[in-house]
Amino acid sequence: MLSMNRLSGAGAWLSACAETPTQPRDTTLPTGRWTGEGACLSVAVDGCDLVVGCGHGQFPSPVVHADGTFEVNGTYRIEVGPISINPAPPAMFSGVLKGQTLTISVTPSDPSLRPASYVLQLTNGTGKCAVPCV
């Protein structure tokens, strides 16, 4: 005769076996420095910084869906000349991650700034990307 504990343990084991361990799951964007096409993206646990020429975007570390896509709100501004003390304008960051290649798009809410996309590769670099424009 099986005890109730053994039976419930077997049920939990059977339930765990019903899942597919190779099924893709949501994940996070790998931390580190991504570069390419004149762009640099620093990904850290506490957020992301995108630097493209005089453009600078910031957004929280996104959840990457099982299909490799993500979409997250952040901010983006051009940082040339005197920098405004006002908060940076909102922007939408979206992307597709395939292995070590990230295609990222930024769509600023500021109508004077055009949307842009960049193809980046994960490097062994660490730390934040420098903003080369002053």
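What counts and what doesn't
Residues numbered from 1 in each chain as written. Predicted model: local features only at pLDDT ≥ 70, side-chain atom pairs only at ≥ 80, totals over all residues. Heavy atoms only, no water. Helix = DSSP H or I, 4+ residues; strand = E, 2+ residues; numbered from the N terminus. Buried < 20%, exposed > 50% of the residue type's maximum accessible area, 1.4 Å probe, protein only. Contact = heavy atoms within 4.5 Å. Areas by Shrake-Rupley, 256 points an atom, 1.4 Å probe, with all protein chains shown as cover. Pairing = 2+ DSSP bridges. pLDDT = per-residue confidence, 0-100.

Asks: Explain the overall build of the protein chain to me, using residue names and the numbers behind them.
Replies: Per the secondary structure count, the protein chain includes one helix and ten strands. Counting from the amino terminus, the protein chain carries its helices and strands in the arrangement α-β-β-β-β-β-β-β-β-β-β. Burial status across the protein chain gives 31% buried among its 134 residues. If you take every contact in the protein chain between residues at least 6 apart in sequence, the share linking residues at least 24 apart comes to 40%. About 8400 Å² of surface is accessible on the protein chain, with carbon and sulfur atoms providing 59% of the total.

Asks: I'd like to hear about the pairing of strand 5 (residues 55-59), residue by residue, with values.
Replies: In terms of residue burial, strand 5 counts as a mostly covered element, since four of its five residues are buried. Bridge analysis of strand 4 (residues 47-52) against strand 5 gives five bridges, and the strand direction is antiparallel. Looking at strand 5, one finds that V51 is bridged to H56. Connecting strand 4 to the antiparallel partner strand 5 that follows it, the hairpin turn spans two residues, and G53 within it adopts a positive phi of roughly 55 degrees.

Asks: With reference to specific residues and values, describe the confidence of the model for the protein chain.
Replies: Scored by pLDDT, the protein chain has a mean of 82; 75% of the residues are at 70 or more. Element-level mean pLDDT values for the protein chain span from 48 in helix 1 (residues 4-18) up to 97 in strand 8 (residues 90-98). Of the regions scoring below 50 in pLDDT, residues 11-15 engages in zero contacts with residues more than four places distant in sequence or in other chains.

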